[in-house]
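# Examining the three-dimensional arrangement
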Amino acid sequence: QVQLVESGGGLVQAGGSLRLSCVASDRTFSSVNMGWFRQGPGKEREFVAAIRCNGDRTSYKDSVKGRFTISRDNAKNTVYLQMNSLKPEDTATYYCARAQYCSSYFRDAQFGSWGQGTQVTVSS
């Protein structure tokens, strides 16, 4: 069984930073891609960032490029999302997601396991 637990969310003013963490109970963590998604109030879930199993490839939603950085530490079974220059429109529940493959490309359908989410609120 795979379990994902996010942490690091909170309330921050516009322009501030947060670092989200996701710890996976996963015997094959280093063999799968990981990602972050978010869902704002009244909105559908959307892709934010993804990282390949070995960290050699990443992908980002256009609106967060240059501000967010996804990384992973396979020795700790942990994936991170460093969020800088936060904007009010970044306010959402952020979810950690696990894929089932180590592909060199990313698509939403690859991510089948999800954490419980952590709330990020950015005030102006």
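Structure shown above.
Residues numbered from 1 in each chain as written. Predicted model: local features only at pLDDT ≥ 70, side-chain atom pairs only at ≥ 80, totals over all residues. Heavy atoms only, no water.

Take the overall build of the protein next. From N to C terminus, the protein includes zero helices and eleven strands. Of the regular secondary structure in the protein, the N- to C-terminal order runs β-β-β-β-β-β-β-β-β-β-β. Against the compact-globule benchmark of 14 Å for 124 residues, the protein has a radius of gyration of 13 Å, which places it among compact chains. Along the first, second and third principal axes, the C-alpha atoms of the protein reach 40 × 25 × 25 Å. Counting every position in the protein, which comprises 124 residues, the buried fraction comes to 45%. Taking all contacts inside the protein whose residues are at least 6 apart in sequence as the whole, residues at least 24 apart take part in 59%. In the form shown here, the protein has an accessible surface area of approximately 6400 Å², with 43% of it arising from carbon and sulfur atoms. (Helix = DSSP H or I, 4+ residues; strand = E, 2+ residues; numbered from the N terminus. Rg over C-alpha atoms; globule rule 2.2 N^0.38 Å. Buried < 20%, exposed > 50% of the residue type's maximum accessible area, 1.4 Å probe, protein only. Contact = heavy atoms within 4.5 Å. Areas by Shrake-Rupley, 256 points an atom, 1.4 Å probe, with all protein chains shown as cover.)

Where burial is concerned, the two faces of strand E1 (residues 3-7) differ: the one with Leu4 and Glu6 is buried and the one with Gln3, Val5 and Ser7 is not. Pairing between E1 and strand E3 (residues 18-25): five bridges, direction antiparallel. When the bridges of E3 are listed, Val5 appears paired with Val23. (Pairing = 2+ DSSP bridges.)

Turning next to the sheet that holds E3. Within a sheet, each strand pairs with its neighbour through backbone hydrogen bonds, oriented either parallel or antiparallel. Across the sheet, four strands lie side by side as E1-E3-E8-E7; this open sheet has antiparallel pairing. Where the open sheet ends on each side, the last strands, each with one partner, are E1 and strand E7 (68-73). In this sheet, neighbouring strand axes are inclined to one another by 15° on average, regardless of whether the strands run parallel or antiparallel. Summarising the sheet, E7 and strand E8 (residues 78-83) pair through six bridges and their orientation is antiparallel. Along E8, the bridge assignment pairs Thr69 with Gln82. (Axes fitted to C-alpha atoms, helices over the stretch in contact; angles between N-to-C directions.)

Bringing the environment of Gln39 into the picture now. Assignment of secondary structure puts Gln39 in strand E4 (residues 34-39). On a C-alpha basis, the gap between Gln39 and Gly66 in space is 20 Å, while along the polypeptide they are 27 residues apart. Those residues in contact with Gln39, other than ones at most four positions away along the chain, are Glu44, Arg45, Ala92, Thr93 and Tyr95. Among the polar contacts listed, one links the side chain of Gln39 to the backbone oxygen of Lys43, at a separation of 3.0 Å. (Polar contact = N/O pair within 3.5 Å; in protein donor to acceptor, adjacent residues only side chain to side chain.)

Turning to the pattern of salt bridges, a few remarks are in order. What the rule picks out here adds up to seven salt bridges. Where Asp26 meets Arg98, a salt bridge forms, and the shortest distance between an N and an O atom there is 2.3 Å. Taken together, the residues Asp26 in the loop between E3 and E4 and Arg98 in strand E9 (residues 92-99) connect sequence positions 72 residues apart. Using a relative accessible area of 10% as the deciding quantity, one classes Asp26 as buried. Note that Lys61 and Glu46 form a salt bridge whose closest N and O atoms lie 3.2 Å from each other. Note that Lys61 is positioned in the loop between strand E6 (58-60) and E7 and Glu46 in strand E5 (residues 46-51), a separation of 15 residues in sequence. Residue Lys61 is classed as partly exposed on the basis of its relative accessible area, which comes to 24%. Each of the salt bridges in this network shares a partner with another, and the network as a whole consists of Arg38, Glu46, Lys61, Arg67 and Asp90. (Salt bridge = Lys/Arg side-chain N within 4 Å of Asp/Glu carboxyl O.)

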